[in-house]
Protein chains: 2
Amino acid sequence: MSVRIAIDCMGGDHGVEITLAAASNFLRRDADASVILVGRREAIEPAADRIGLALGSRARLREAAELIAMDEAPAQALRGKKDSSMRVAVDLVKSGAAQACVSAGNTGALMAISRYVLKMLPGIDRPAIASVLPTMRGHTYVLDLGANVDCAPEHLIQFAIMGAMLVSALEHRERPSVGLLNIGEEAIKGNEVVKRAGELLRASGLNFYGNVEGDDIYRGTTDVVVCDGFVGNVALKTSEGLAQMIVTFLREEFERNWLTRLGALAAAPALRGFKRRIDHRAYNGASLLGLRGVVVKSHGSADAYAFEQAIARAAEAVRNGLLERISARMNQAAAA
Amino acid sequence: MSVRIAIDCMGGDHGVEITLAAASNFLRRDADASVILVGRREAIEPAADRIGLALGSRARLREAAELIAMDEAPAQALRGKKDSSMRVAVDLVKSGAAQACVSAGNTGALMAISRYVLKMLPGIDRPAIASVLPTMRGHTYVLDLGANVDCAPEHLIQFAIMGAMLVSALEHRERPSVGLLNIGEEAIKGNEVVKRAGELLRASGLNFYGNVEGDDIYRGTTDVVVCDGFVGNVALKTSEGLAQMIVTFLREEFERNWLTRLGALAAAPALRGFKRRIDHRAYNGASLLGLRGVVVKSHGSADAYAFEQAIARAAEAVRNGLLERISARMNQAAAA
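Residues numbered from 1 in each chain as written. Chains lettered and ligands numbered in written order. Predicted model: local features only at pLDDT ≥ 70, side-chain atom pairs only at ≥ 80, totals over all residues.

A. The arrangement of the overall build of chain A in detail. Across its full length, chain A carries 13 helices and 11 strands. In terms of overall dimensions, chain A is globule-like: its C-alpha atoms have a radius of gyration of 21 Å, near the 20 Å expected for 336 residues. C-alpha atoms of chain A, sized along the principal axes, occupy 65 × 60 × 40 Å. For chain A, the proportion of its 336 residues judged to be buried stands at 56%. (Helix = DSSP H or I, 4+ residues; strand = E, 2+ residues; numbered from the N terminus. Rg over C-alpha atoms; globule rule 2.2 N^0.38 Å. Buried ≥ 20, exposed ≤ 12 C-beta atoms within 10 Å, placed from the backbone.)

B. Inspection of the relation of the copies chain A and chain B at higher detail. Expressed as a screw operation, the relation of chain A to chain B combines 0.0 Å of axial shift with a rotation of 180 degrees, fitting to an RMSD of 0.0 Å. Overall, the copies show the geometry of a two-fold rotation axis. Take the interface residues of chain A: 100% of them recur as interface residues in chain B, which is what a same-surface contact looks like. (Least-squares fit on C-alpha atoms with pLDDT ≥ 70 in both. Contact = placed C-beta atoms within 7 Å.)

C. Expanded view of the interface of chain A and chain B. Contacts between the two partners involve 51 residues from chain A and, on the opposite side, 51 residues from chain B. Listed by contribution, the elements that provide at least two residues to the side of chain A that touches chain B are α8 (214–219), α9 (229–254), α10 (258–266) and α11 (268–277) of chain A. Ranked by the residues each element gives to the side of chain A that touches chain B, the list is headed by α9(A), at 20 residues. Partitioning the side of chain A that touches chain B into residue classes produces 27 nonpolar, 13 polar and 11 charged. (Nonpolar A, V, L, I, M, F, W, Y, C, P; charged D, E, K, R; others polar.)

D. Geometry of the sheet that holds strand β8 (residues 207–212) of chain B. Residue and element names in this part refer to chain B. An order of β3-β2-β1-β4-β11-β10-β5-β6-β9-β7-β8 is seen for the 11 strands of this open sheet, with the pairing classed as mixed. Because the sheet does not close on itself, it has two edges, and the strands there are β3 (59–63) and β8. The average angle at which neighbouring strand axes cross in this sheet is 25 degrees, direction not considered. (Pairing = 2+ DSSP bridges. Axes fitted to C-alpha atoms, helices over the stretch in contact; angles between N-to-C directions.)

E. Main features of the packing of helix α1 (residues 16–29) of chain B against helix α12 (residues 304–319) of chain B. All names here are of chain B. One way to put it is that α1 packs onto α12 with a least axis distance of 8 Å and a crossing angle of 55 degrees. Looking at the two axes, α1 sits oblique to α12. In terms of crossing hand, the pair formed by α1 and α12 is right-handed. Facing α1, whose interface residues are Ile 18, Thr 19, Ala 21, Ala 22, Ala 23, Asn 25 and Phe 26, α12 presents Ala 304, Phe 307, Glu 308, Ile 311 and Ala 312. (Parallel < 35°, antiparallel > 145°, perpendicular 65-115°, else oblique. Left-handed = near helix turned anticlockwise from the far one by under 90°.)

F. How the structure looks around the pairing of strand β11 (residues 294–297) of chain A. Residue and element names in this part refer to chain A. Where burial is concerned, the two faces of β11 agree: the one with Val 294 and Val 296 and the one with Val 295 and Lys 297 are both buried. Here strand β4 (residues 100–103) runs beside β11; their pairing, made up of 4 bridges, is parallel. In the sheet register, Ala 100 faces β11, and the bridge partner there is Val 294. Counted between consecutive antiparallel strands, the loop separating strand β10 (residues 286–289) from β11 contains 4 residues, among which Gly 290 sits at a positive phi close to 105 degrees.

Structure, rendered in structure tokens:
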């Protein structure tokens, strides 16, 4: 199935240097896809030239003069920059010119613009950010990762539905299991919001596993882990910090002296395999869920490989009817 | 300075097998310390015999017939088991026979019993659990780790004061830096409770760094990281799960085939150094803060080395006047 993705080429820490290379690799890999490259002509054309990406029907250029800074206030980006590459990319989804958009830019701005331009799906109060993480058994989807800091139980149910539909769209599982992130397995554990959310989830008709704890995320206990955005963001950032520390310690130990450096040479095949397995670039591309359009947020520091994964994830979500799945499930919930 | 520690010898997953060995090693290392071994005579005496620990003035036996199960309801443990090893150990602190107690048993029960028997220090509403974690720069103390799931801003301030006093007692830093765990550095970030807590902390006279994010924990940005018990517990458990996954992946890659196994042999010195640096046993021993007595909780699965660290941490807290420091700082805060 053909699919067209709008790409905010200017966003992220590296801009066109990596977004164009990623788009080029994506188009090579996905023959039925096309992209709209959004941004400044004077930046995109020479970059496309350098990497040998032919601008044409499969990679159309759409000019946008402005740029949203990584630290710009979302409200200001929304009101003041109607010709920014991010805004135009989202507008292209709204108009139907593209079926999804991908940006490595300012998360808050992308959230505000997407919500304003695309609006929410019926029955969904707030967008949520969902990301995939590696686990002992494969991978798991966690949401919300920071869009919502004060959640009511009803919001957690909406996250659960959206997360389950994301997994069914991207992983082709019809009844993904959903865990509620808590500080104990028993139903009586947790704060008031989580306890009430547990009751609602048990009655939701979803494949609700029950409470899960922090370590269940990486154990892969459930396909989806639901939490409020504050907790999810802390869990995600804590994980990033710990992974970075562990990798640093490992490197330092191998660089300690000539003996350990020799050991690193001999251990290279195993270390390469290890690195591949914990490579967070493969997991790049968080979905902004609940909108009337597919929006994928790449990590700001993504390289071309990582950004390509985010584009591919957007294409996959479109092809597998993510929005239709969420809408259908919300209708079902409203009817019940 | 001499110090006497009551040890719940029956608690934890392994009971006397590890608690006695830990006590014995601790006494060898700390010539001014003594312990009271609390539990069943018929379990403690043969175990002490086996490891060559002489029961006498430095290691006195105090019988307690009952045992609190790891999954027992705290309220039931509190009301129904007045002759449990955990309860008697806490009672010994209350009576002054010991200056601190250490248990690897049921956390909820230890919290309930300690709070009931010892009572809170003036100005502190709730106990908090504080633990030390390794960081890129050394280590950092995080609290609360699960005792309090619905916190008001005032509770977070109390946690900040207690955490700072814990660091000054255990690390001999007079003005430890305190970070408030949040989902962004800016003061406007976060949920309502955290925003208000930030305002109060800025006016508290503590060495308040400002907001920190999850990755700052392992970056070692501040000496103390303050959060509510729900968020802290999720961060801690998520870290445990991730560390376990990473270590498993590393082992699997080194065991993949004869070539990688050979690599592991050559890499053994570096891998040993790495293992030592992320050895969570060295960080065992969470402090239950806010009580009128020093109570240290060991991980239930602790081995003798890990449990010994928990005992040593309790002795250190007593010797450096942890309770007096917290009380003095609370008086100062009340006066201000």
